[in-house]
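# Remarks on the overall topology
Given next are the chains, with one letter for each unit.
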Amino acid sequence: MDIQNFTTDVVVIGGGGAACRAAIEAAERGMNCIMVDKGRPGRSGATPTALWSIQAPFGARGRDERDSPDQFFEDMVRAGRFIGDQNIAEIVANTACDRILDMERYGVQFKKYDDGRFYQTPMPGQTYPRSCFMFENGQHMSTILAREVSRHDNIKVFKDFFAFHLFKNEGAVVGILGMDMLSGDLVAVNAKSTVIATGGYTSLWGFSDNPPTLTGDGVAMAYRAGAELVDLEFNQYYGTDVIWPPSVRGCVVLYELMIEEFADGEITDRVGNPIIDKPLPIRDEAIKTIFTVIKEGRGTEHGGVYFDTTKSPKGEKAVRDVFNTMTPKHYHFIIDAAGIDLVKEPLEVAPASHYQCGGVYINERGESSLGGLYACGEAEGNFQGANRLAGSALCDTQTMGAQVGGCAADDTKKCDLIPIDKKDLNSVVDIIKGFMTKKKKKIRPIFLKEEILKTMDEFVAPFRDGKGLSKGLGNIRGIRDEIAKISVSDVGRYNLELREAIEFMLAIDAAEITVGSALFRTESRGHHNRVDFPETDNKNWRCHSIVVRKSGKAEYSKRDVIYTRLKPDDE
Amino acid sequence: MIKAKIYRFDPGKDKEPYYQDYNISVQRKVTIHELLNIIHRDYDGTLAFRTYKCYKGMCTTCIVKMNGKVVKGCTTPLEIDSEVTIEPVENGTVIRDLVVDFKTM
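Residues numbered from 1 in each chain as written. Chains lettered and ligands numbered in written order. Predicted model: local features only at pLDDT ≥ 70, side-chain atom pairs only at ≥ 80, totals over all residues.

Looking now at the overall build of chain A. Along chain A, the regular secondary structure elements total 14 helices and 20 strands. Taken over C-alpha atoms, the radius of gyration comes to 23 Å for chain A, in line with the 25 Å a tight globule of 571 residues would show. Seen through its principal axes, chain A has C-alpha atoms that stretch 70 × 55 × 50 Å. The proportion of buried residues among the 571 residues of chain A is 60%. (Helix = DSSP H or I, 4+ residues; strand = E, 2+ residues; numbered from the N terminus. Rg over C-alpha atoms; globule rule 2.2 N^0.38 Å. Buried ≥ 20, exposed ≤ 12 C-beta atoms within 10 Å, placed from the backbone.)

Right, dumping it as structure tokens:
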């Protein structure tokens, strides 16, 4: 196995919206950057799966002149159940409009009114309609951002590059090790600053609406390097993802489209009774209702509820126009892949793993608890809190992407390159080679990964309890012990099984600390519902949960939330 | 039973591409993307293909040639009893098997 070596100022891990924006910002501040993308540029990470919605408080320049950054800030803080750090929320709220204008400059097309104002859709939890409308959704955004990255000569993009290790020296992070899937070589990048923009790890659950590549690389790398992680128990489910048929399982259909302005349909139980009231609830409330209906046995044949627009007073043609306008790709995907026209027949949907509110603990500059290491986008932790609003994720990729890329660049100018410790490198290379040695009792990583997914589905769903979580933790530790038996072929280029082996090594850490965080928080709030602790406990738990690795073990603690402008109502 | 003829080629090791036959038993219609996942999981872990999916038939990461025609793997269903030949697209260099380093972004 050959090892290639590169040196740069800033290395950005990821290929989605946050990674691209961070790289662009760092490059525009004069830094040489390497951006490593696990897949194909512009078609990688979770951003392409996103819909039209990106929040920005344009006020008079948008749909409702009453909207403002302050109102946006307040809506986010309240939706996050006062667990999001407000120093970060302020940056997101105050820079959202500028970052969207950047996107427009790059070439992203937004729907506008005839007089040039931004068209904005209302989404649950927004005091005023605030979701700007991207034509062709997150795929369009991804492609345009990747193109903008390619226009910068000082950003070198490594495609099909699977990063899996953070190098540390003198207590700081000094770069990354990864595998170039195209050549099969290992690649070490020595950098002054490292930005984790790897997105979430929603696909650690078996039922997810995110790409299968998202299994916790970034969070686990940070954890293994000794960085603090925060609020991992708040994994957001989305209420209405297709559960049947399997060919389209995981495809998002938006319950937000059920309002009168759009399709005017209903989410119903098996016999057609509407179960979600209008005005529509925000996401954590919506999934609770749907889960409860399913648990009570009022669900559909395949364990979901119905997404039903067939009885809309608007009529078939008008409803079809809505889907063709708002989510044309999803609508036609379900027709092409499964032969189902959701305008004509109800679709079975259920809550699926959708977004990580938690992640790497950062400050408002994106600095983690380790020198040289930054995080932004979904991989960052302490901004969304216990729940997030529709359109906050994409907005965060651009606002915090730019903020963190910029801060990393500024810091990089002031520091020297610390070399990679050879011992650090060799120890990881030995692990990788170990996966490719022949073993008597061998096990394939794909089956171990499946065991993690099963455990997360069973014990770490939005409704969870101490007993189940403890059992889940036991399972995870049992699965971890199997790692020594992993044996894969040394096929050189694009070694999918080797990638799965390394992904497993990281995923098992991400899973363990997620289950551990869910066990640690003994209250219910946002997306974390402890059946054994059903009340929200503001006295003891209106705080972050922190997990950090000490002497090889996960250590959990509490930390105060940063309130800059808006205190909880009872304080 | 789906009789699948799959293009295999490792430019670093093989002189020429070859085709490998797999007889895959399925209980329902599956898409090409599902079929490749089944082969990788249950029949042959060394098969190289792109696992990424966007859930809306848009990213084109999973495009392949099916019986000579370029199709999206995620939106192309196969009948329970069918025969299919799957090859990489020609829009780039073959890295291994069905994985192409795409020329265009």
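Moving on, we come to the packing of helix H11 (residues 445-459) of chain A against helix H13 (residues 496-520) of chain A. Two quantities define a packed helix pair, namely the angle between the axes and the distance from one axis to the other. Residues and elements named next belong to chain A. Direction vectors running N to C along H11 and H13 enclose 25°, while the axes themselves pass 8 Å from each other. Relative to H13, the element H11 is oriented roughly parallel. Note on packing geometry: the crossing formed by H11 with H13 is left-handed. From H11, Pro445, Ile446, Leu448, Lys449, Ile452, Met456 and Phe459 reach across to H13, where they touch Glu497, Glu500, Ala501, Glu503, Phe504, Ala507, Ile508, Ala511 and Val515. Split into classes, the residues belonging to the contact of H11 with H13 amount to twelve nonpolar, no polar and four charged. (Axes fitted to C-alpha atoms, helices over the stretch in contact; angles between N-to-C directions. Parallel < 35°, antiparallel > 145°, perpendicular 65-115°, else oblique. Left-handed = near helix turned anticlockwise from the far one by under 90°. Contact = placed C-beta atoms within 7 Å. Nonpolar A, V, L, I, M, F, W, Y, C, P; charged D, E, K, R; others polar.)

Another aspect to go through is the packing of helix H5 (residues 217-225) of chain A against H13 of chain A. Residue and element names in this part refer to chain A. Their axes nearest at 8 Å, the elements H5 and H13 cross at an angle of 80°. By the angle between their directions, the pair H5 and H13 is classed as roughly perpendicular. Each of Asp217, Val219, Ala220, Met221, Tyr223 and Arg224 in H5 lies in contact with H13, whose residues at this interface are Glu503, Leu506, Ala507, Asp509, Ala510 and Ile513. Residue classes in the contact of H5 with H13 are distributed as eight nonpolar, no polar and four charged.

Moving on, we come to the sheet that holds strand S20 (residues 553-560) of chain A. All names here are of chain A. Pairing is antiparallel across the open sheet formed by four strands, whose spatial order is S15-S10-S19-S20. Only two strands of the sheet have a single partner each, and these edge strands are strand S15 (359-360) and S20. In the packing of H13 onto the sheet, the strands contacted are strand S10 (229-230), strand S19 (543-550) and S20, and the crossing angle to S20 comes to about 45°. (Pairing = 2+ DSSP bridges.)

Our focus in this paragraph is the nonpolar core. Residue and element names in this part refer to chain A. Counting 211 residues, the largest nonpolar core has Val12, Ala23, Val195, Ala222 and Leu229 as its most contacted members. No other element matches the 15 residues that H13 contributes to this core. Those residues within four positions of alanine 23 in sequence are excluded, and the remaining contacts are Val12, Cys33, Met35, Val149, Ile155 and Gly405. (Core = buried A, V, L, I, M, F, W, Y, C linked by C-beta atoms within 7 Å.)

Before going further, it helps to examine the environment of threonine 198 of chain A. Residue and element names in this part refer to chain A. Locating threonine 198 in the fold gives a position in the loop between strand S9 (186-196) and H5. By C-beta crowding, threonine 198 is classed as buried, having 33 other C-beta atoms within 10 Å. Separated by 159 residues in the primary sequence, threonine 198 and cysteine 357 place their C-alpha atoms 14 Å from one another. Threonine 198 has contacts with Ile13, Gly14, Asp217, Gly218 and Ala379, leaving out every residue within four places of it along the chain.

A few words on the pairing of S9 of chain A. Residues and elements named next belong to chain A. Buried residues dominate S9, accounting for ten of its eleven residues. Pairing geometry for strand S1 (residues 3-13) and S9, over ten bridges, is parallel. When the bridges of S9 are listed, valine 10 appears paired with serine 193. By the bridge criterion, five bridges tie strand S8 (residues 172-180) to S9 in an arrangement that is antiparallel. Directly across from isoleucine 176, in S9, lies its bridge partner valine 189. Hairpin connection of S8 to S9: five residues between the antiparallel strands, including glycine 184 at a positive phi of 85°.

Time to look at the interface of chain A and chain B. Of the residues lining the interface, 36 residues belong to chain A; the matching set on chain B comes to 29 residues. Looking at the side of chain A that touches chain B, the elements that each hand over two or more residues are helix H4 (137-150), helix H8 (328-338) and H13 of chain A. Take the side of chain A that touches chain B: its biggest share by element is six residues, from H8 of chain A. Its residues assigned to classes, the side of chain A that touches chain B comprises 14 nonpolar, 13 polar and nine charged.

This brings us to helix H12 (residues 466-480) of chain A. All names here are of chain A. The terminal C-alpha atoms of H12 lie 21 Å apart, and with 15 residues this matches the ideal 21 Å at 1.5 Å per residue to within 8%. Every buried residue of H12 is listed here: Gly468, Leu469, Gly472, Leu473, Ile476 and Ile479. Viewed end-on, H12 has its buried residues packed into an arc of 140°, placing them on one side of the element. The exposed residues of H12 that point more than 90 degrees off its buried face are Lys467, Arg477 and Gly478. Residues of H12 that are buried make contact with H11, strand S17 (463-464) and H13. (Expected span 1.5 Å × (residues − 1). Arc of directions from axis to C-beta.)

Below, the discussion takes up the domain arrangement of chain A. Residues and elements named next belong to chain A. Splitting chain A by domain gives domain 1 (238-353) and domain 2 (422-557). Computed from C-alpha coordinates alone, the two centres of domain 1 and domain 2 are separated by 32 Å. A total of four residues in the side of domain 1 that touches domain 2 trace back to one element, the largest contributor, which is helix H6 (residues 283-295). Of the residues assigned to the side of domain 1 that touches domain 2, the class counts are three nonpolar, no polar and two charged. (Domains from an automatic or database assignment.)

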